[in-house]
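So the chains spell out like this:
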Amino acid sequence: MAGEGKGIETLATVKVEKSGDLYKIVDSLNRTLKDRDLMFGLALDEQEENKMVFTIYKT
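Conventions and cut-offs
- Residues numbered from 1 in each chain as written.
- Predicted model: local features only at pLDDT ≥ 70, side-chain atom pairs only at ≥ 80, totals over all residues.
- Heavy atoms only, no water.
- Helix = DSSP H or I, 4+ residues; strand = E, 2+ residues; numbered from the N terminus.
- Expected span 1.5 Å × (residues − 1).
- Buried < 20%, exposed > 50% of the residue type's maximum accessible area, 1.4 Å probe, protein only.
- Arc of directions from axis to C-beta.
- Contact = heavy atoms within 4.5 Å.
- Pairing = 2+ DSSP bridges.
- Axes fitted to C-alpha atoms, helices over the stretch in contact; angles between N-to-C directions.

A. Layout of helix α1 (residues 22–33). With 12 residues, α1 should reach 16 Å at 1.5 Å per residue; the first-to-last C-alpha distance of 17 Å fits that figure. Along α1, the residues classified as buried are L22, V26 and L33. Looking straight down α1, one finds that the buried residues subtend no more than 60° of arc, so they occupy a single side. Relative to its buried face, α1 has exposed residues pointing more than 90 degrees away, namely R31 and T32. Of the surrounding secondary structure, the elements contacted by the buried residues of α1 are β1 (9–17), β2 (38–44) and β3 (51–58).

B. Inspection of the sheet that holds β1 at higher detail. Pairing is antiparallel in the open sheet, where 3 strands are placed in the order β1-β3-β2. Of all strands in the sheet, those bounded by a partner on one side alone are β1 and β2. Taking the axes of each pair of neighbouring strands and ignoring which way they run, one obtains an average angle of 20° across the sheet. Note that β2 and β3 share 7 bridges and pair antiparallel. Bridge pairing in β3 places F40 opposite I56. Lying over the sheet, α1 contacts β1, β2 and β3, oriented at roughly 165° with respect to β2.

Structure representation (structure tokens):
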């Protein structure tokens, strides 16, 4: 199968202030850049409740 064993590579991670609308930007980036083998993630920070972690992946 094509792409077998490639996995996902983390390109960058940044901690940002928590925002209710940030997921909209991440969703837009994922929809727009998926054909360039990029994927974006957003998660709540486990140590700081007012922060989120934004991650860029290469698929």
